[in-house]
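Understanding the architecture of this molecule
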Amino acid sequence: MNPADEILDVVDEHDRVVARYPRGEVYARGLRHRCVFVQARDAAGRLFVHRRTATKLVFPALYDMFVGGVVGAGESYDEAALREAEEELGVTGLPRPAYLFKFLYDDGAGKSWWSAVYEVRCELPVHPQAEEVQWHAFLPDEEVERRLGEWEWVPDGLAAYERLRVFRAGR
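My aim in this report is to walk through the structure given alongside it, one point at a time. Residue positions are given per chain, counting from 1 as you read along its sequence in written order. Two thresholds apply to this predicted model, a pLDDT of at least 70 for residue-level local features and 80 or more for giving and counting side-chain atom pairs, whereas whole-chain, interface and lining totals are computed over all residues. With hydrogens and water excluded, all non-hydrogen atoms of the structure serve as input to the side-chain values.

A look at the overall build of the protein chain
Here a strand is any run of E in DSSP of at least two residues, a helix any run of H or I of at least four, and the numbering for each starts at the N terminus. Looking only at helices and strands, the protein chain has four helices and nine strands in total. Across the protein chain, helices and strands are ordered from the amino to the carboxyl terminus as β-β-α-β-β-β-β-α-β-β-β-α-α. Here the C-alpha atoms of the protein chain give a radius of gyration of 15 Å, agreeing with the 16 Å that 2.2 N^0.38 yields for 171 residues. Counting only C-alpha atoms, the protein chain reaches 45 × 35 × 30 Å along its principal axes. The contacts of the protein chain with a sequence gap of at least 6 include a subset with a gap of at least 24, amounting to 62%. Reported accessibility uses the Shrake-Rupley method at a 1.4 Å probe radius. Residues are deemed covered only where the shown protein chains occlude them. Accessible surface computed for the protein chain: about 8,300 Å², of which carbon and sulfur atoms make up 50%. Between the averaged position of the 22 positive side-chain charges in the protein chain and that of its 30 negative side-chain charges there is a distance of 2 Å. Only C-alpha atoms enter the radius of gyration; for comparison, a globular chain is expected to reach 2.2 Å times N to the power 0.38, where N is the number of residues. Residue contacts are counted whenever heavy atoms from the two residues lie within 4.5 Å of one another. When charges are counted, neither His nor the chain ends are considered; positive counts come from Lys and Arg and negative counts from Asp and Glu. By convention, the point assigned to a charge is CZ for Arg, NZ for Lys, CD for Glu and CG for Asp.

What follows is the structure, given as structure tokens:
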């Protein structure tokens, strides 16, 4: 199926479903929907970082420190987090990602989605989807921090990353 044809729940400012439309229409009209962000770490604690393919509908060819994506119509955040993590990492049998928090991402220019943030430990060999990921590596936190000012990152991932830093500092 063409990703633009996938049906998504459209939600209001309180994350209540108000309609359903194909993803392509949701993006074109700037309708608020749901997404999941999963921070994946390997057995050594390094963070999975990847560069999106140039064919992605949103933020093509940018770097990201999360795997994830849109929540399908009728799908829960938890279901989407596991599905998206396994799809993007190219693994099966991943432990269920642990839910951390949710926030409303809004860039002020028509891109807005409720964003549930998760974390998961991936000790399996990864085989990311070639149509989703053009480059990947597990990087130590220090290198990710260093690359923040060097690489062009997806803006919603950066927003989630900053909120995750604050969340972890408050633990």
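Now that the structure has been shown, the text picks up again.
Re the pairing of strand β8 (residues 112–121)
Of all the 10 residues making up β8, eight are buried; the element is thus mostly covered by neighbouring parts of the structure. Of the pairings in the sheet, the one linking strand β3 (residues 33–41) to β8 comprises nine bridges and is parallel in character. Looking at the pairing, arginine 34 lines up with tryptophan 114 of β8. Sheet analysis places strand β7 (residues 98–106) next to β8, joined by eight bridges and oriented antiparallel. Each bridged residue has a counterpart across the sheet, and for leucine 104 the counterpart in β8 is tryptophan 114. For two strands to count as paired, DSSP must find a minimum of two bridges between them. Where β7 folds back on β8, the antiparallel hairpin that results is connected by five residues, among which glycine 108 adopts a positive phi of roughly 75°. Burial classification: accessible surface area is computed with a 1.4 Å probe over protein chains only, and a residue below 20% of its type maximum counts as buried, one above 50% as exposed, and the rest as partly exposed.

Considering helix α2 (residues 77–89)
An α-helix turns once every 3.6 residues. As a result, residues three or four positions apart point the same way. To estimate the expected span of a helix, subtract one from its residue number and multiply by 1.5 Å. The end-to-end C-alpha distance of α2, which contains 13 residues, comes to 18 Å, matching closely the 18 Å that a straight helix rising 1.5 Å per residue would cover. Among the residues of α2, those classed as buried are Tyr77, Ala80, Ala81, Leu82, Glu84, Ala85, Glu88 and Leu89. Of the residues trailing α2, glycine 90 is marked for its positive phi of about 70°.

Section: the nonpolar core
Only buried Ala, Val, Leu, Ile, Met, Phe, Trp, Tyr and Cys residues count toward a nonpolar core, and they belong to the same one when joined by side-chain atoms within 4.5 Å. One finds Val49, Met65, Phe66 and Val117 to be the most contacted residues of the largest nonpolar core, which totals 32 residues. Secondary-structure elements contributing two or more residues to this core are β1 (7–11), β3, β4 (47–52), β7, β8, β9 (133–139) and α4 (155–169). Counting 22 residues, the second largest nonpolar core, distinct from the first, contains Phe48, Tyr77, Ala80 and Trp114.

What about α4?
The terminal C-alpha atoms of α4 lie 21 Å apart, and with 15 residues this matches the ideal 21 Å at 1.5 Å per residue to within 8%. Among the residues making up α4, those that are buried are Asp156, Gly157, Ala159, Ala160, Tyr161 and Leu164. Each element contacted by the buried residues of α4 is listed here: β3, β4, β5 (63–64), β7, β8 and α3 (141–147).

Regarding the layout of surface pockets
A cavity here means a set of points on a 1 Å grid, drawn over the protein atoms and nothing else, where a 1.4 Å probe fits but cannot get out; a pocket is an open set with protein on both sides within 12 Å along at least five of seven lines, and a residue lines either one if it has an atom within 4 Å of a point. Grid points are joined across faces, edges and corners, and a volume is the space filled by probe spheres set on the points. In this structure, the largest pocket spans a volume of roughly 590 Å³. What lines the largest pocket is a set of 31 residues, among which Arg23, Arg52, Lys56, Gly69 and Glu132 lie closest to the centre. Following the grouping adopted for this structure description, the nonpolar residues are Ala, Val, Leu, Ile, Met, Phe, Trp, Tyr, Cys and Pro, the charged ones are Asp, Glu, Lys and Arg, and the polar ones are all others, Gly among them. Classifying every residue of the lining of the largest pocket gives 13 nonpolar, six polar and 12 charged.

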